[in-house]
Amino acid sequence: MALDRPTPNDLRAFWMPFTANRQFKASPRMFVGARDMHYTTAEGRQVLDGTAGLWCCNAGHCRPKITEAVQKQVAELDYAPAFQMGHPIAFELANRIIDIAPEGIDHVFYTNSGSESVETALKIAIAYHRARGDGARTRLIGRERGYHGVNFGGISVGGIVNNRKMFGTMLGGVDHLPHTHLPENAWTKGQPEHGANLADDLERIVALHGAETIAACIVEPVAGSTGVLLPPRGYLERLREICTKHGILLIFDEVITGFGRLGSPFAAQHFDVLPDMMTTAKGLTNGVIPMGAVLTTGAVHDAFMQGPEHMIELFHGYTYSGNPIACAAGLATLETYAEEGLFDRCAEIAPYWEEALHSLRDARHVIDIRNMGLIGAVELEPIPGAPTKRAFSAFLKAYEKGILIRTTGDIIAMSPPLIIERAQVDELIGTLRDVLDNL
Ligand code: PXG
């Protein structure tokens, strides 16, 4: 049946992403403004942002420098072709990203999202081996409970069942490491003690398939979307060792951990483990304009720089790779982070955040709490027979009470902007306690 012509406030046409559409449209939650740590709702209420939008507005909202940079750029050079043509700030932004990246990471390939960064990195990994005459290395290793966006490569290496089961998994040649969530690590503050040996499963996978068939292993240094799973002490180091031993590229998916979320520019620096590639997005532009980037070592990049000079080296890219407005937003975002020392600020407030979060240990329904940097997760006991329902009710109540949280399964995840003040941490956690105790 054809829909009637939509009226301006008709909510039917927009099929919302990762949303309970029918629930939402029956009782909509609309934001109409934002500034610093707060959103303004359509009813004129202020909502404290406990999630930096979707883990992306690391500098807070409507920051003047970023707003002005975007306004200026859109009036000056709105778009420039991304293939066979350049514009200066795409190069400048790449240099500024490399300035804060770990030593050894020195090239930037632009995308428009985290999902595209993942697809790009997986393709580069396979093509890298082929360029070096190692064309049998096509297999990709992900991890259970991993989230690498929603495109076919990403859901294939990803390990969240609801994101995969409806869509087939188009990519063959994929295997998965076990996730790192162990019951003995419950209530750990920061990095858990147990489970470094879970990385040894990569040796089992190598023994099963043969190292000469494996291109890359991709993991989130801290798994975000699945509900915040921390890497056990020594785990990432071990993964690095095994990858190096077998010539497998190690990809860190830093879409969430990048740009200060752990108190260093990237998780690679926080854990002092150097991957061969890093996928990024979100905090790169403070979420203001869609943009992502894959960062690679010189060795990965240089493997492609051969053959006749007039030839394209990598047959991959997007119409909007390095879009000028996104680049302007990116540059202004990195300047804001630097001028306000926001990565250090995150590191400074992280212990306070940790204590506040763990004070919820005796709140109702709570069965585990996990944290690192300005990331926190509060896991709730599911309602028997109705998984996700308790956390979703908490989300709705929290919103009514003026805080924005995220839920995944029965886990509440929080990732506030790095500008959060202690009093706002207290407000967020205090309100959440109130919500849980009255659920
Ligand atoms: N990799 C990781 C590690 C991510 O967290 C993506 C890739 C995909 O990014 P795009 O830009 O294509 O969405 C992500 C995105 C949540 C939540 O609340 C997490 C993401 C996106 C939206 C919500 O957990 N992560």
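Cut-offs applied
- Residues numbered from 1 in each chain as written.
- Predicted model: local features only at pLDDT ≥ 70, side-chain atom pairs only at ≥ 80, totals over all residues.
- Pairing = 2+ DSSP bridges.
- Helix = DSSP H or I, 4+ residues; strand = E, 2+ residues; numbered from the N terminus.
- Core = buried A, V, L, I, M, F, W, Y, C linked by C-beta atoms within 7 Å.
- Buried ≥ 20, exposed ≤ 12 C-beta atoms within 10 Å, placed from the backbone.
- Domains from an automatic or database assignment.
- Contact = placed C-beta atoms within 7 Å.
- Near = placed C-beta within 6 Å.

Chemist: Just to check I follow, could you spell out the sheet that holds strand E1 (residues 31-35) for this structure?
Modeler: Overall, mixed pairing links the 4 strands, which are arranged E1-E2-E3-E13 in an open sheet. In this open sheet, the two strands that pair with only one neighbour each are E1 and strand E13 (403-404). As judged from the 2 bridges shared by strand E3 (residues 46-49) and E13, these two strands associate in the parallel manner. Looking at E13, one finds that leucine 48 is bridged to isoleucine 403.

Chemist: Honestly, the nonpolar core in this entry has me stumped. Any pointers?
Modeler: Nonpolar side chains in soluble globular proteins generally cluster together in the buried interior. Counting residues in hydrophobic clusters, the biggest one holds 118 residues, and the most contacted among them are Ala216, Cys217, Leu249, Ile251 and Ile412. Composition of this core by domain shows at least three residues from each of domain 1 (21-59 + 341-437) and domain 2 (67-339). Setting aside anything within four residues of it in sequence, one finds isoleucine 412 in contact with Ala377, Val378, Leu380, Ala391, Ala394, Ile405 and Thr407.

Chemist: What should I look at first to understand the site of the ligand in this one?
Modeler: Around the ligand, the surrounding shell holds 19 residues, and the nearest of these are Ser113, Gly114, Ser115, Gly149 and Val255. Listed by contribution, the elements that provide at least two residues to the shell around the ligand are helix H2 (52-55), helix H5 (114-131) and strand E14 (406-408). If one sorts the elements of the shell around the ligand by residue count, H5 sits on top with 3 residues. Counting residues domain by domain, the shell around the ligand receives three or more from each of domain 1 (21-59 + 341-437) and domain 2 (67-339).

Chemist: It is not clear to me how the pairing of strand E4 (residues 105-111) should be interpreted in this structure. Could you clarify?
Modeler: For a regular strand, side-chain orientation follows a simple rule: the groups alternate between the two sheet faces. The buried fraction of E4 is high, at 5 of 7 residues. Bridge count for E4 against strand E10 (residues 292-297) is 6 bridges, and the pairing is antiparallel. Across the sheet, valine 108 pairs through a bridge with leucine 295, a residue of E10.

Chemist: Explain unusual backbone geometry to me, please; I cannot follow it from the model alone.
Modeler: A positive phi angle, close to 45°, is found at alanine 52, a residue other than glycine. Among the structural elements, alanine 52 can be located in helix H2. Positive phi is not limited to glycine here, since tryptophan 55 has a value of about 65°. Considering the arrangement of structural elements, one finds tryptophan 55 in helix H2.

This is a description of form; function is not addressed.
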